[in-house]
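Examining the three-dimensional arrangement
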Amino acid sequence: MPDIASHRIRVGAFDCLVAKDGSTSPRPLSELMADPPDGLADHPITMLGGILVADTREGRVLIDSGDGPHRGPRTHAAELALAAEGISPESVDVVLLTHGDPDHILGLLTAEGKLVYGDARYILHRDLWTAWQSPPSAGLYFPDQGTFVKQLAECIAERHTLFDGESEAIAGIMAIPALGHRVGHTVYMIESEGQKLLHIGDAAVHPPFLEYPGKVNIRHDTNQEQARDSRRMISARAASEGAMVVGTHFELPGVGTLTHAGEDRYTWTPIVAQERN
Ligand SMILES: [Zn+2]
């Protein structure tokens with residue numbers, strides 16, 4: 001039975017839940033970072049994934065889905081974390097996608113190929129949607145995803161909305177394309193009552209990528225230069241706007257803030273999980 005790992009975080013009037021999903025064991029940072037900063041090469045990181053739920057005034061929003069029943073064995077299952085918090089699949093009104101890698105979308109379909117979040121509207125970058133169309137697998141980093149994404153695209157054909165540039169996904173959440181990691185990769189700025197939480201997807205898989213945004217590359221980014229520029233944008237924006245930051249693969253508590261500490265240099269401060277009232 002997979003574990004449940006989640007915590008709540010408050011963003012103004014929005015109640016948010018970060019939940020972990022997937023399976024992994026720690027790896028040295030140098031396996032993922034082409035040019036790790038001094039002293040960080042042996043730093044162990046895990047690639048455990050995750051999801052985020054935000055209860056906004058316009059409805060319940062889910063960002064990405066985890067692996068669901070399609071990949072395993074998993075040490076952590078996001079759908080169990082949701083169930084433990086009383087969050088039913090039917091209660092999700094909007095699904096936002098950061099990108100189309102398996103650990104972010106496989107959980108959208110049941111083992112039988114039906115939508116898990118059957119009442120939701122799906123919002124994604126136009127380039128990702130285009131990559132899911134014919135020919136199968138075009139633009140996908142994992143070529144064996146062709147059958148799954150075709151099925152997924154058919155399921156959401158009548159219930160999706162596309163965006164190109166920075167735009168409001170729903171009230172209180174801005175979609176901000178941050179390209180480079182994968183086709184159409186997008187981050188989401190959640191804002192309520194002056195507080196902000198930036199969900200950065202896989203733009204950085206560990207806080208040091210944001211602390212040194214221009215110095216390092218993630219080995220598996222599709223376009224490393226673009227991904228580096230996106231990380232610079234994210235770090236600068238999070239620091240200047242005072243936004244909390246959460247990354248799909250960050251270890252719990254998984255949320256922190258960035259402070260500008262020099263040219264291309266930021267400092268990460270984790271935020272300890274808040275207890276639920
Ligand atoms: Zn990922």
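Residues numbered from 1 in each chain as written. Predicted model: local features only at pLDDT ≥ 70, side-chain atom pairs only at ≥ 80, totals over all residues.

**So, the sheet that holds strand 13 (residues 195-199)**
Sheet strands pair via backbone hydrogen bonds, and the direction of the pair is either parallel or antiparallel. In space, the seven strands of this open sheet follow the order 10-11-12-13-14-15-16, with mixed pairing throughout. The outermost strands of the open sheet, each flanked by one partner alone, are strand 10 (167-170) and strand 16 (266-270). Neighbour-to-neighbour, the strand axes of the sheet open up by a mean angle of 35 degrees, direction not taken into account. With five bridges joining them, strand 15 (residues 255-260) and strand 16 adopt antiparallel strand pairing. (Pairing = 2+ DSSP bridges. Helix = DSSP H or I, 4+ residues; strand = E, 2+ residues; numbered from the N terminus. Axes fitted to C-alpha atoms, helices over the stretch in contact; angles between N-to-C directions.)

**Here's the deal with helix 6 (residues 224-241)**
In this model, helix 6 (18 residues) spans 25 Å end to end at C-alpha, consistent with the 26 Å of a helix rising 1.5 Å per residue. Taken residue by residue, helix 6 has Ala227, Arg228, Ser230, Arg231, Ile234, Ser235 and Ala238 as its buried positions. One face of helix 6 carries all of its buried residues, which in axial projection span an arc of 160 degrees. Opposite the packed face of helix 6, turned more than 90 degrees from it, sit the exposed residues Glu225, Ser240 and Glu241. Of the surrounding secondary structure, the elements contacted by the buried residues of helix 6 are strand 12 (186-192), strand 13, helix 5 (208-211), strand 14 (244-246), strand 15 and strand 16. (Expected span 1.5 Å × (residues − 1). Buried ≥ 20, exposed ≤ 12 C-beta atoms within 10 Å, placed from the backbone. Arc of directions from axis to C-beta. Contact = placed C-beta atoms within 7 Å.)

**Looking at unusual backbone geometry**
In this structure, Asp64 is a non-glycine residue whose phi angle is positive, near 65 degrees. Tracing the sequence through the fold places Asp64 in the loop between strand 6 (59-63) and helix 1 (78-84). Under the C-beta neighbour-count criterion, Asp64 is labelled buried, with 27 such atoms within 10 Å. Phi angles above zero are rare outside glycine, and Asp264 is one such case at about 55 degrees.

By themselves these figures say nothing about function.
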